[in-house]
Amino acid sequence: MSIFIVTFAFTLAISSKWAYSYFGLSSFEQIVYHIKVPLEGTNTQFIFGWMKKCLLPGFIFGLIFSWTNQNIAILILLVCCIYGLCQIHFFSYVFDQFKKTDFYDTYFVESEVISPEKKMNFIHIYLESMETTYATKEDGGDANEDLLPYLTQLTKDSVSFSQHEKIGGARVLTGTGWTTGGIVASTSGLPLIFSLKHKFCKDKVPFMPKVNTLGDILEKDGYNRVFMIGSDATFGGRRSYFDQHGHYDIQDTVSLKEEGILDKDYHAFWGFEDDKLFEFAKEKILDLSKSSKPFDFEMLTVDTHHPHGYQSKNCKNLFKESLSNSIYHTDENLKDFMECLI
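In what follows, the accompanying structure is described.

About the cut-offs
Each chain carries its own residue numbering, running from 1 in the direction its sequence is written. Reporting in this predicted model follows two pLDDT cut-offs: at least 70 for local features of residues, and 80 or more for side-chain atom pairs to be given and counted; totals over whole chains, interfaces and linings ignore these cut-offs and use all residues. To get the side-chain values, all heavy atoms of the structure are used, and hydrogens and water are removed first. Only rings of Phe, Tyr and Trp enter the pairing, Trp through its six-membered ring, and a pair is recorded when the two centres are within 6.5 Å. The plane angle decides the type: under 30 degrees is stacked, over 60 is edge-to-face, the rest tilted. Per the convention used, a helix needs a DSSP run of H or I reaching at least four residues, while a strand needs a run of E reaching at least two, with both numbered from the N terminus. Three exposure classes are used, based on accessible area relative to the maximum for each residue type with a 1.4 Å probe and protein chains only: buried under 20%, partly exposed in between, and exposed over 50%. Between the N-to-C directions of two axes lies an angle of 0 to 180 degrees, each axis being a line fitted to C-alpha atoms and, for a helix, fitted only over the stretch in contact. Every angle not falling under 35 degrees, over 145, or within 65 to 115 is termed oblique; those three ranges are roughly parallel, roughly antiparallel and roughly perpendicular. Left-handed describes a crossing whose near helix is turned anticlockwise from the far helix through less than a right angle; right-handed describes the clockwise counterpart. Should any heavy atoms of two residues lie within 4.5 Å, those residues are counted as being in contact. Asp, Glu, Lys and Arg are counted as charged, while Ala, Val, Leu, Ile, Met, Phe, Trp, Tyr, Cys and Pro are counted as nonpolar; the rest, among them Gly, fall into the polar class. Strand pairing is assigned whenever DSSP detects at least two bridges linking the two strands. What is meant by a nonpolar core is a set of buried Ala, Val, Leu, Ile, Met, Phe, Trp, Tyr and Cys residues, joined one to another through side-chain atoms within 4.5 Å.

So, about the packing of aromatic side chains. This structure, assessed with the given rule, holds 12 aromatic pairs. Between phenylalanine 103 and tyrosine 107, the aromatic rings sit 5.1 Å apart at their centres with planes inclined by 45 degrees, giving tilted as the arrangement. A residue pair is termed a helical-turn pair when its members lie 3 or 4 positions apart in one helix, as phenylalanine 103 and tyrosine 107 do in helix α6 (residues 103-107) at 4 residues. What makes phenylalanine 103 partly exposed here is its relative accessible area of 40%. Its relative accessible area of 59% is what places tyrosine 107 among the exposed residues. One aromatic cluster is present, formed by Phe207, Phe227, Tyr241, Phe242 and Tyr248 through successive ring pairs.

As structure tokens, this is what we get:
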């Protein structure tokens, strides 16, 4: 009996640290959120990664401590539970539940939106897990290798937001540090913070119904709206958000297979690689440009997802770390995409 308790204890402790590295967890709110929303389309490779990195070491520790009696095993379990809860910031989350703030009441302003006489098309690109820290230290990042040559130059030549004269960015607030949280924050001005009682993304349950988002505004202004993604949009509540706020035409693995653009059995990484995503995006934008209506085209990449990213056949093996190669290749894809638009 002791071996099972110890195995479970160490697996739990190791898993808590592994999860932050693998999924790029930013807060305990992110864990709660993903427990409450649909997980359809999840990259199942993480299961094998978890078994190798967490379950196997946990079992080895269980064998090492197999001599212990049940009381010592329970003590080890208690220590591992406390360690794991600290790793996922559980205690700070519980403490924050009893705090109140007037920050958003004071500073959040829903500005009046005035439609311009000449409406412009809007292309909004989300780069999965991309950070300014991937720029070189000389340019304000934290990388020793030049992983973002195009984005770095684009930032220097364009309008960007930074806390200093070099490449930087805004502070990541609670509720904005994961993919769906970042999407919601950047299109609504609000973090994805919620009550534990909230039933997110369930049937007939509205997703932030009182919030006026970018999608809502552009829908009222007569824009054609498309959200394109290289995975199943249902995962993490993204389908619910873009459907309820702007009624976007959602182009994901499900719809593209239904339309015959992707083979029904095709699957790479989370769905399909960014090489295909950027090509599909070019075609869709060209199609949208033929309409008399302005358009809002939103897209989300995936190949730079932690911890190792995805390396397609066109990805150059220039760096030791696989994720670094994925980041560099995404930078190349973005350069090609932007130059095609210009």
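Having put the structure on the table, let's press on.
Where helix α12 (residues 274-289) contacts helix α13 (residues 322-341), the two axes come as close as 10 Å, and the packing angle between them is 15 degrees. Classified by the interaxial angle, the pair formed by α12 and α13 is roughly parallel. Relative to α13, α12 is oriented so that their crossing is right-handed. Of the residues in α13, those touching α12 at Asp274, Asp275, Phe278, Glu279, Ala281, Lys282 and Ile285 are His329, Thr330, Asn333, Leu334, Asp336, Phe337, Cys340 and Leu341. A breakdown of the residues in the contact of α12 with α13 according to their chemical character gives 7 nonpolar, 3 polar and 5 charged.

A word on unusual backbone geometry. At the junction of histidine 306 and proline 307, the peptide bond is cis and its omega measures out at 0 degrees in the coordinates. A positive phi is found at serine 129, a non-glycine position, where the angle reads about 60 degrees. By the element assignment, serine 129 lies in the loop between β1 (122-126) and α7 (149-157). For serine 129, a relative accessible area of 22% puts it in the partly exposed group. Phi at phenylalanine 269 takes a positive value of approximately 60 degrees, unusual for a residue other than glycine. The residue phenylalanine 269 is located in the loop between α11 (253-258) and α12 in this model. Residue phenylalanine 269 is classed as buried on the basis of its relative accessible area of 7%.

Glancing now at the pairing of strand β4 (residues 295-300). Of all 6 residues in β4, 6 are buried, a share of seventy percent or more. Of the two faces of β4, the one lined by Phe295, Phe297 and Met299 and the one lined by Asp296, Glu298 and Leu300 are each fully buried. Bridging between β1 and β4 involves 5 bridges; their strand directions are parallel. Looking across to β4, one finds that phenylalanine 122 is bridged to aspartate 296. Relative to β4, strand β2 (residues 224-229) runs parallel, the two sharing 6 bridges. Across the sheet, the residue bridging to arginine 225 is aspartate 296, located in β4.

So, about the nonpolar core. Ranked by internal contacts, the top residues of the largest apolar core, which has 27 residues, are Met130, Tyr134, Leu148, Met228, Phe297, Met299 and Ile327. Elements with a contribution of two residues or more to this core: α7, β2, α12, β4 and α13. The biggest single contributor to this core is α12, with 6 residues. Not counting the four nearest positions on each side in its chain, isoleucine 327 is found in contact with Met130, Tyr134, Leu147, Leu148 and Thr304. Among the nonpolar cores identified, the runner-up in size contains 24 residues, and Ile88, Ile183, Met208 and Phe227 belong to it.

Taken together, 4 strands build an open sheet; the order of strands is β1-β4-β2-β3 and the sheet is parallel. The strands lining the two open edges of the sheet, one partner per strand, are β1 and β3 (249-251). Adjacent strand axes in the sheet meet at a mean angle of 15 degrees when their direction is disregarded. Contacts from α12 reach β1, β2, β3 and β4 within the one sheet, and its direction differs from that of β4 by about 175 degrees.

Another aspect to go through is the side chain of glutamate 273. Structurally, glutamate 273 can be placed in the loop between α11 and α12. Residue class for glutamate 273 comes out buried when judged on its relative accessible area of 9%. For glutamate 273, the residues in contact, after removing those within four places along its chain, are Tyr266, Ala268, Asp303, Tyr310 and Ser312.

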